[in-house]
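Each chain is listed here by its residues.
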Amino acid sequence: MNDTFLRACRGEEVQYTPVWLMRQAGRYLPEYQAVRANVDFLTLCKTPGLAAEVTLQPVDILGVDAAILFSDILIPIEAMGMRLEFSDKEGPILSEPIRNKSSVDRLIIPDTEEDMPFIIETIKILRKELENKVPLIGFSGAPFTLATYMIEGGTSKNFLHTKKMMFQHSGVFDYLMDKLTTTIISYLSDQIKAGAQAVQIFDTWAGMLAPADYKELVLPYVKKIISELKKEEVPIIYFVNDCAGILKEVKKSGADIIGIDWRIDIADAIKKLGKKVIIQGNLDPSALFLPKEKIEERVKDILWKGETAKGHIFNLGHGILPQTPVENVMAMVEAVHKYGRK
Ligand code: CP3
């Protein structure tokens with residue numbers, strides 16, 4: 001098996017810098033679109049044979065060094081008892097958003113085996129299929145990011161309902177964060193027990209917070225999740241989008257690997273996190289629309305700067321965009337493998 005990704009996660013010597021991409025299975029791939037033409041997104045997530053198939057597509061097509069389970073961060077929210085829909089225009093919609101204590105009361109702590117059996121089944125299929133290929137990454141949304149979807153009822157611009165709950169009804173907010181934390185710990189441990197060889201926690205919206213609020217109201221829950229998951233002894237990646245302003249706090253999460261977005265120079269991020277860090281990132285997803293020579297230049301720059309950290313896993317700074325030309329993605333992966341650390 002190609003274990004370069006896991007070696008880099010542990011800070012060991014590698015033959016080359018490993019690379020995978022957030023949202024590597026998705027609409028930019030014609031092969032994904034072909035599967036999606038026959039099923040809606042949620043059905044795809046819940047059909048193990050199909051979810052496994054689209055998980056494997058980027059491994060075979062791009063030659064990336066890790067697979068990431070095909071699912072969505074909102075799946076456990078549905079299992080907690082909220083109604084989830086995906087609209088092609090607006091993205092996710094959670095009807096009856098959480099605004100008070102009684103709606104948090106009604107949320108259950110789901111049992112993965114019972115309430116999300118397709119997750120376990122997909123992981124088991126994938127471990128068999130990936131045996132001689134690459135490791136499998138499991139994932140979850142972070143409690144704050146999941147809370148924003150539950151409170152706003154979908155994607156938001158300024159997260160007013162979320163912040164109002166944090167500032168005016170902090171007891172309800174804490175109660176929700178606590179339920180989410182328990183859910184995420186059990187969800188990720190079950191993924192690991194089923195076969196996930198590393199896990200990533202996505203904190204897409206934490207960068208919307210003032211540093212002091214992140215530190216006081218959000219970080220303690222992330223720390224708890226990570227310290228509980230350490231027992232499972234697989235690498236834990238914590239990705240925070242728009243992380244620059246809170247990087248010093250993010251470091252305290254205890255994660256083995258810190259994933260960063262592209263708005264910060266990776267050299268500055270390493271300086272802030274310290275040279276012992278294992279870092280993941282951070283090409284701007286839009287840079288994949290540049291001519292190939294320019295993509296190569298940007299890849300080289302990130303790789304060169306990444307050398308100063310104890311370990312570097314190449315990735316985009318956020319999810320790949322649906323309009324991205326596949327040949328440019330292939331050129332990026334090739335450049336990472338060609339110029340990465342030896
Ligand atoms: O990375 C991977 O390849 C694994 C699969 C994966 C998806 N979503 C598939 C997906 C992962 C890890 C996610 C995480 C996710 N989902 C996040 C955190 C990371 C991030 O991007 O910030 C968030 C915030 C979501 C919520 C979500 N899912 C939104 C807002 C949307 C709609 C926007 C969009 O791109 O359509 C989704 C849908 C979604 N999740 C798609 C995919 C492939 C597109 C669905 C389709 O086929 O139409």
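Please read these numbers as outputs of a predicted model, since none were measured by experiment. (Residues numbered from 1 in each chain as written. Predicted model: local features only at pLDDT ≥ 70, side-chain atom pairs only at ≥ 80, totals over all residues. Heavy atoms only, no water.)

### Observations regarding the site of the ligand
The line we're drawing: Only a single heavy atom is needed: when it lies within 4 Å of a molecule or strand, its residue is near that molecule or strand. In the analysis that follows, any N or O atom pair within 3.5 Å is treated as a polar contact, provided that within protein one partner can donate a hydrogen and the other can accept it, and provided that, for residues neighboring in sequence, both atoms belong to side chains. Computed with the Shrake-Rupley method and a 1.4 Å probe, the accessible areas treat only the protein chains shown as cover for residues. Strands here mean DSSP runs of E at least two residues long; helices mean DSSP runs of H or I at least four residues long; both are numbered from the N terminus.
Taken together, 22 residues lie near the ligand, and Arg23, Arg27, Tyr32, Asp72 and His318 sit nearest. In this structure, tyrosine 32 approaches the ligand through a side-chain N or O atom, which is 2.5 Å from an oxygen atom. With the chains in place, 89% of the 860 Å² that the ligand exposes on its own is no longer accessible. Broken down by secondary-structure element, the contributors of at least two residues to the shell around the ligand are helix H2 (30-36) and strand S3 (91-94).

### A look at the environment of glycine 259
Operational definition: The cut-offs for exposure are 20% and 50% of the maximum accessible area for each residue type, with area from a 1.4 Å probe on protein chains only; residues under the lower value are buried, those over the upper are exposed, and the others partly exposed. A contact between two residues is defined here by any heavy atoms of the two lying within 4.5 Å.
Turning to its location among the elements, glycine 259 is positioned in strand S7 (residues 257-260). Since its relative accessible area comes to 1%, glycine 259 is described here as buried. Here the alpha-carbon distance between glycine 259 and leucine 107, two residues 152 residues apart in the chain, equals 30 Å. For glycine 259, the contacting residues outside a window of four places in its chain are Ile237, Tyr238, Phe239, Val240 and Gln280.

### Observations concerning the pattern of salt bridges
Here is the rule we go by: A carboxyl oxygen of Asp or Glu within 4 Å of a side-chain nitrogen of Lys or Arg is what we treat as a salt bridge.
Scanning the entire structure with this criterion turns up 14 salt bridges. Residues aspartate 105 and lysine 101 are paired through a salt bridge, measuring 3.2 Å at the closest nitrogen-oxygen approach. A residue pair is termed a helical-turn pair when its members lie 3 or 4 positions apart in one helix, as aspartate 105 and lysine 101 do in helix H6 (residues 101-105) at four residues. For aspartate 301, the salt bridge identified is with lysine 305, shortest N-O distance 3.0 Å. Of this pair, aspartate 301 and lysine 305 both sit in helix H15 (residues 292-306), separated by four residues, roughly a single helical turn.

### Considering helix H8 (residues 117-129)
We apply this condition: By definition here, a helix of n residues has an expected span of 1.5 Å times n minus one.
With 13 residues, H8 should cover 18 Å at 1.5 Å per step; its first-to-last C-alpha distance of 19 Å lies within 8% of that length. Within H8, burial applies to Phe118, Ile119, Ile120, Thr122, Ile123 and Leu126.

### Considering the nonpolar core
Generally speaking, a soluble globular protein has its nonpolar side chains buried in company with each other. Short version of the rule: In this text, buried Ala, Val, Leu, Ile, Met, Phe, Trp, Tyr and Cys residues form a nonpolar core when linked through side-chain atoms within 4.5 Å.
Of all hydrophobic cores here, the largest spans 130 residues; its most connected members are Phe5, Tyr238 and Met332. A total of 11 residues in this core trace back to one element, the largest contributor, which is helix H11 (residues 170-194). Not counting chain neighbours up to four residues away, the residues in contact with methionine 332 comprise Val19, Leu21, Leu283, Leu288, Ile295, Val299, Phe314 and Leu316.

### Some thoughts on the state of the cysteines
Formally: The disulfide criterion is simple: two cysteine sulfur atoms within 2.5 Å.
Within the structure shown, the criterion is met by zero disulfides. Cysteine cysteine 9 is unpaired, with the sulfur of cysteine 243 as its nearest cysteine sulfur at 17 Å.

### As for a negative patch on the surface
Just so we agree on the cut-off: Candidates for patches are residues over 30% relative accessible area with no salt bridge; among them, like charges are joined within 9 Å and nonpolar side chains (Val, Leu, Ile, Met, Phe, Trp, Tyr) within 5 Å. Charge assignment: positive for Lys and Arg, negative for Asp and Glu; neither His nor the chain ends contribute. One atom stands in for each charge, and that atom is NZ of Lys, CZ of Arg, CG of Asp or CD of Glu.
There is a patch of like negative charges on the surface, built from Asp111, Glu113, Glu114 and Asp115. The residue glutamate 113 is located in helix H7 (residues 112-115) in this model. Judged by relative accessible area, which is 55%, glutamate 113 ranks as exposed.

### Quick word on helix H16 (residues 326-339)
Between its first and last C-alpha, H16 extends 20 Å over 14 residues, near the 20 Å set by a 1.5 Å rise per residue. For H16, the complete set of buried residues consists of Val326, Asn328, Val329, Met332, Val333, Ala335 and Val336.

### A look at the sheet that holds strand S6 (residues 236-240)
To keep things clear, this is the line we draw: Should DSSP find at least two bridges between two strands, the strands are taken to pair.
Taken in spatial order, the seven strands of this open sheet run S1-S4-S5-S6-S7-S8-S9, and their pairing is parallel. In this open sheet, the two edge strands, each paired with only one partner strand, are strand S1 (67-68) and strand S9 (311-316).

### Some points on the packing of aromatic side chains
How we decide: Only centres within 6.5 Å qualify two rings of Phe, Tyr or Trp (six-membered ring in Trp) as a pair; their planes then separate them into stacked at under 30 degrees, edge-to-face at over 60, and tilted for everything else. Should the NZ of a Lys or the CZ of an Arg lie within 6 Å of a ring centre and within 35 degrees of the ring normal, that charge is described as sitting over the ring.
Under the counting rule described, the total for this entry stands at six aromatic pairs. Members of the aromatic cluster, joined through ring pairs, are Tyr32, Phe41, Phe70 and Phe86. The ring centre of tryptophan 262 lies 4.0 Å from the NZ or CZ of arginine 263, which sits over that ring. Over the ring of tyrosine 339 we find lysine 300, and its NZ or CZ is 4.5 Å from the ring centre.

### Some remarks on the pairing of strand S5 (residues 198-203)
For a regular strand, the rule is simple: side chains alternate between the two faces of the sheet. The line we're drawing: Seen with the strands pointing away from the viewer, any crossover whose path from the first strand over the helix to the second strand runs clockwise is right-handed.
Most of S5 sits inside the fold, with six of its six residues counted as buried. Here S5 shows a buried face lined by Ala198, Gln200 and Phe202 and a second buried face lined by Val199, Ile201 and Asp203. Direction of pairing for strand S4 (residues 136-141) relative to S5: parallel, over a ladder of five bridges. Paired with phenylalanine 139 across the bridge in S5 is glutamine 200. Summarising the sheet, S5 and S6 pair through five bridges and their orientation is parallel. Looking at S6, one finds that isoleucine 201 is bridged to tyrosine 238. Crossover handedness for the path S5 to helix H12 (residues 211-229) to S6: right-handed.

### Digging into the environment of valine 326
By secondary structure assignment, the location of valine 326 is in helix H16. Taking C-alpha positions, valine 326 is 24 Å from phenylalanine 202, a pair spaced 124 residues apart along the chain. If we ignore the near neighbours within four places in the chain, the residues touching valine 326 are Tyr28, Leu29, Pro30, Ile61 and Leu62.

This is a description of form; function is not addressed.
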